[in-house]
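# Report on the structure
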Amino acid sequence: MWKSQHWTQTLEHEGEPVLSLSQALPLPVEERRPDRRMERYYRHLGELWKNRWAAVLYPRACAALQEARAGSRPFLPWEAELVYHVTLECDGLSSLYVDVTERQNGTRPLTVRTAETWELRSGTPKTLSEFFPPRLFWKKPIIEALQRQALDRLQGGESLLFEDVETRVASYFSAKRFYLTEEGLSLFYPMWSLGSPAEGIPVFLLPLPTSLQKLSPEKS
């Protein structure tokens, strides 16, 4: 279904590498109209990040190099990369997420994740609400389930979540942050939103909606 388009570039300042960039974009293998629509989406996403890296990250890396030189300290080139992961393909659906990670002078990496579940026949993304029976308050039971999981992790001492994680789960919830796997429905939160950045991207797993429980993954 997907093929990778790879791109790399190293930006320099006064002859010294300061920023290493790479992308592995997911592009559809076929060239139907719906596939072209999905291809435009990911090409646009890739260009958005390239523009940010050139306009924002590169000047910061140059300034960090100058500061390191002034203080006679070593400088490690900054890095930024975009990668994708296909999490499920079944019965006309393809679910995947894209991670963009930036590393600054050896500090802890920061990652931004986006995800889409595509209806391949139309080339349009599915919304979370489409996987549940039509009803007015479909978000409430999802948020409550996420809050229970977050509290269990906090009280079990297995994570670095904030003490007010229950409130944060509700405040930072977005129906756009999900993808499908064979194990269930994965909902994720941005770094820093629920806990220390050492926690990474918090991901919670819920059972597959009834509409998907009979779907079987496609064999590659």
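One can find the structure itself at the top, above this paragraph.
### Topic: the overall build of the protein chain
Of regular secondary structure, the protein chain possesses three helices and nine strands. For the protein chain, the C-alpha atoms occupy an extent of roughly 60 × 50 × 30 Å along the three principal directions. Taking all 220 residues of the protein chain together, the buried fraction comes to 42%. The long-range fraction of contacts in the protein chain, counting pairs at least 24 apart against all pairs at least 6 apart in sequence, stands at 56%.

### Some thoughts on the sheet that holds strand 8 (residues 185–188)
Pairing in this open sheet of three strands is antiparallel, and the strands run 7-8-9 from one edge to the other. Edge positions in the sheet fall to strand 7 (178–180) and strand 9 (203–206), since each has one partner strand and no second. Each neighbouring strand pair of the sheet contributes to a mean axis angle of 25°, computed without reference to strand direction. Looking at chain direction, strand 8 and strand 9 are connected through four bridges and run antiparallel.

### Here's the deal with helix 1 (residues 33–70)
For helix 1, with 38 residues, the first-to-last C-alpha span of 54 Å sits near the 56 Å given by 1.5 Å per residue. Bending of helix 1 peaks at approximately 40° at the position of Leu57, with proline Pro59 no more than four residues after it. With its phi angle positive at about 55°, Ser72 sits one or two positions after the end of helix 1.

### A closer look at the pairing of strand 8
In regular strands, side chains alternate between the two faces of the sheet. Side-chain alternation along strand 8 places Leu185 and Leu187 on one buried face and Ser186 and Phe188 on a second face that is also buried. By the bridge criterion, three bridges tie strand 7 to strand 8 in an arrangement that is antiparallel. Note on strand 8: the bridge partner recorded for Tyr179 is Ser186. Between the antiparallel neighbours strand 7 and strand 8 lie four residues, among them Gly184 with a positive phi of about 160°.

### Some points on helix 2 (residues 139–155)
Taking 1.5 Å of rise per residue, the 17 residues of helix 2 would be expected to cover 24 Å, and the 24 Å separating its terminal C-alpha atoms lies within 8% of that figure. Every buried residue belonging to helix 2 is among Ile142, Ile143, Ala145, Leu146, Gln147, Ala150, Arg153 and Leu154, and all of these are buried. Structurally, helix 2 contributes buried residues whose contacts are with helix 3 (165–171), strand 8 and strand 9. One or two positions beyond helix 2, positive phi appears at Gly157, with a value near 70°.

Cut-offs and rules
Residues numbered from 1 in each chain as written. Predicted model: local features only at pLDDT ≥ 70, side-chain atom pairs only at ≥ 80, totals over all residues. Heavy atoms only, no water. Helix = DSSP H or I, 4+ residues; strand = E, 2+ residues; numbered from the N terminus. Buried < 20%, exposed > 50% of the residue type's maximum accessible area, 1.4 Å probe, protein only. Contact = heavy atoms within 4.5 Å. Pairing = 2+ DSSP bridges. Axes fitted to C-alpha atoms, helices over the stretch in contact; angles between N-to-C directions. Expected span 1.5 Å × (residues − 1). Bend = angle between axes of the 7 residues up to and from the residue.

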